[in-house]
Amino acid sequence: MANYAGVDLGATNISAVVADDEGTILGSHRQSTPRGPTGIAVTEAVLSALRAACEDGGIDATSIGAVGIGSIGPLDLAEGAVENPANLPDSIDRVPLTGPVEKLVDSDEVYLHNDTNAGVIGERFHSERNPDDMVYLTISSGIGAGVTVDGNVLSGWDGNAGEVGHMVIDPQELLTCGCGKDGHWEAYCSGNNIPRYAEFLHDEDPVDTALPLDDAEFDAADVFAHAGEDEFADHVIDQVAHWNAMGIANIIHAYAPLVIYVGGAVALNNEELVLDPVRQRLDDMVFTNLPEIELTTLGDDVVVRGALASALTRGTGDRGRMRN
């Protein structure tokens, strides 16, 4: 009996799970994503997480028949690697993935997906409501979406379909994204960039605020923690909601989903402040039918569970094709 594995490589954390052929999780491991010095350090951390999950499950890595990987992008599917990830330091220009993982598990069945594609595979595979037309959107360190249309996961020839965080939403291009381009959705609303956006707004109008803008540790959590208590924090949250609604409206017009599942730390930890204002705005912004906007049913595990589903189904995520 073969075992299967799923890996979630995020800009902040790496998660790995191993399971039996029925999808029952036997072992798991989670650790921080290294910030360098090179991409090889990230590769080694992925291998370490997978080994630790195997150890936790009491299995040998070579018993794994297939592995699914959901990873930050952009991807080079031909080479099975991440190229110049936007939310890791510039010194990390390339992260080899499929080749090293194939060697570890002694199998060539390693399936690499953009992390949000893995997320939508996870929702399609595990959720009770899984229509053929749906989106998984993450608002976390970065922003991205996995999309299914007519039951097909949109991947693109290079695996980079769904990089919606890099659509231009601000025609004035006032802020620069972590990828180096201007005006992107991610530059305003991702966990990494909300603090920068707050600093920008405060520079434009330096009002009194309790936000620790000059603290090197100032982060998005500080903004949300001051909601309802600090007028400037409320202003930042309102502006973030405006850009999020614009980005989600674009997704709706592009793909006509019946449901959008939203995950990522920013959304999961702040649903009332992140999603409720978006729901209130969409009716005035969307020309077509409005989908349901819900938190992911799988929480922080949506990508790693989707990666596992990809392994179980040999890369498709379609439970109708699952091998017993």
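Our subject is the structure that appears above.
For clarity, every value in this text was computed on a predicted model and none was experimentally measured. (Residues numbered from 1 in each chain as written. Predicted model: local features only at pLDDT ≥ 70, side-chain atom pairs only at ≥ 80, totals over all residues. Heavy atoms only, no water.)

Student: Could you clarify how one ought to interpret the nonpolar core in this entry?
Tutor: Soluble, globular proteins show a tendency: their nonpolar side chains are buried together. Leu137, Trp185, Ile248, Ile251, Ile260, Val262 and Leu282 are the most contacted members of the largest nonpolar core, which totals 45 residues. Considering each element in turn, this core owes the most residues, 11 residues, to helix H7 (residues 231-255). Once residues within four sequence positions are removed from consideration, Ile251 is found in contact with Val135, Leu137, Ala145, Val164, Trp185, Ala256, Pro257 and Ile260. Counting residues in each nonpolar core, the second largest holds 32 residues, with Ala45, Leu50, Ile72 and Val105 among its members. (Core = buried A, V, L, I, M, F, W, Y, C linked by side-chain atoms within 4.5 Å. Buried < 20%, exposed > 50% of the residue type's maximum accessible area, 1.4 Å probe, protein only. Helix = DSSP H or I, 4+ residues; strand = E, 2+ residues; numbered from the N terminus. Contact = heavy atoms within 4.5 Å.)

Student: I'm lost on helix H3 (residues 115-126) in this one. Help?
Tutor: Every α-helix winds through 3.6 residues per turn, so residues three or four apart in the chain are directed the same way. Compared with an ideal rise of 1.5 Å per residue, which puts 12 residues at 16 Å, H3 spans 16 Å between its outermost C-alpha atoms and is within 8% of the ideal. Among the 12 residues in H3, 11 count as buried, and that is most of the element. Taken together, the buried positions of H3 are occupied by Asp115, Thr116, Asn117, Ala118, Gly119, Val120, Ile121, Gly122, Glu123, Arg124 and Phe125. (Expected span 1.5 Å × (residues − 1).)

Student: So what exactly am I meant to see when it comes to the sheet that holds strand S4 (residues 64-71) here?
Tutor: The strands making up a sheet associate through backbone hydrogen bonding, with each pair oriented either parallel or antiparallel. If you walk across this open sheet you meet the 5 strands as S3-S2-S1-S4-S8, and the pairing is mixed. The strands lining the two open edges of the sheet, one partner per strand, are strand S3 (25-32) and strand S8 (110-114). Each strand axis lies, on average, 15° off the axis of its neighbour in the sheet, ignoring direction. This element, helix H1 (residues 39-57), spans strand S1 (3-9), strand S2 (13-19), S3 and S4 of the sheet and lies at about 145° to S3. (Pairing = 2+ DSSP bridges. Axes fitted to C-alpha atoms, helices over the stretch in contact; angles between N-to-C directions.)

Student: How should the side chain of Glu186 be read in this particular structure?
Tutor: By secondary structure assignment, the location of Glu186 is in helix H4 (residues 186-189). Buried charge without a partner: Glu186 forms no salt bridge, and the closest opposite charge is Arg196, 8.1 Å away. If sequence neighbours within four positions are ignored, Glu186 has contacts with Asn87, Gly142, Ile143, Gly165, His166, Cys177 and Asn193. (Lys, Arg positive; Asp, Glu negative; His and termini not counted. Salt bridge = Lys/Arg side-chain N within 4 Å of Asp/Glu carboxyl O.)

Student: What is the right way to look at the packing of H1 against helix H2 (residues 98-105) in this model?
Tutor: What describes two packed helices is the angle between their axes and the distance between those same axes. Here H1 crosses H2 at 30°, and the two axes come no closer than 10 Å. By the angle between their directions, the pair H1 and H2 is classed as roughly parallel. The two elements H1 and H2 meet at a crossing, and its hand is right-handed. For the pair formed by H1 and H2, the contact residues are Thr43, Val46, Leu47, Leu50 and Arg51 on the first element and Pro100, Val101, Leu104 and Val105 on the second. Looking at the contact of H1 with H2 residue by residue, the classes come out as 7 nonpolar, 1 polar and 1 charged. (Parallel < 35°, antiparallel > 145°, perpendicular 65-115°, else oblique. Left-handed = near helix turned anticlockwise from the far one by under 90°. Nonpolar A, V, L, I, M, F, W, Y, C, P; charged D, E, K, R; others polar.)

Student: Honestly, helix H10 (residues 302-312) in this entry has me stumped. Any pointers?
Tutor: In terms of burial, H10 is largely enclosed, as 10 of its 11 residues are buried. Taken residue by residue, H10 has Val302, Val303, Val304, Gly306, Ala307, Leu308, Ala309, Ser310, Ala311 and Leu312 as its buried positions. In the stretch just after H10, Arg314 is the one whose phi turns positive, near 55°.

Student: What is the right way to look at the pattern of salt bridges in this model?
Tutor: Any two side chains of opposite charge can pair if their charged atoms end up close together. Summed over all chains, the structure comprises 8 salt bridges. Arg124 is the partner of Asp132 in a salt bridge, and the nearest nitrogen-oxygen pair spans 3.2 Å. The partner of Glu271 in a salt bridge is Arg279, and the shortest N-O contact between them spans 3.2 Å. A relative accessible area of 30% places Glu271 in the partly exposed class. Looking at Arg279, the relative accessible area reads 30%, which means it is partly exposed. Salt bridges linked by common partners bring Glu79, Glu83 and Arg94 together as one network.

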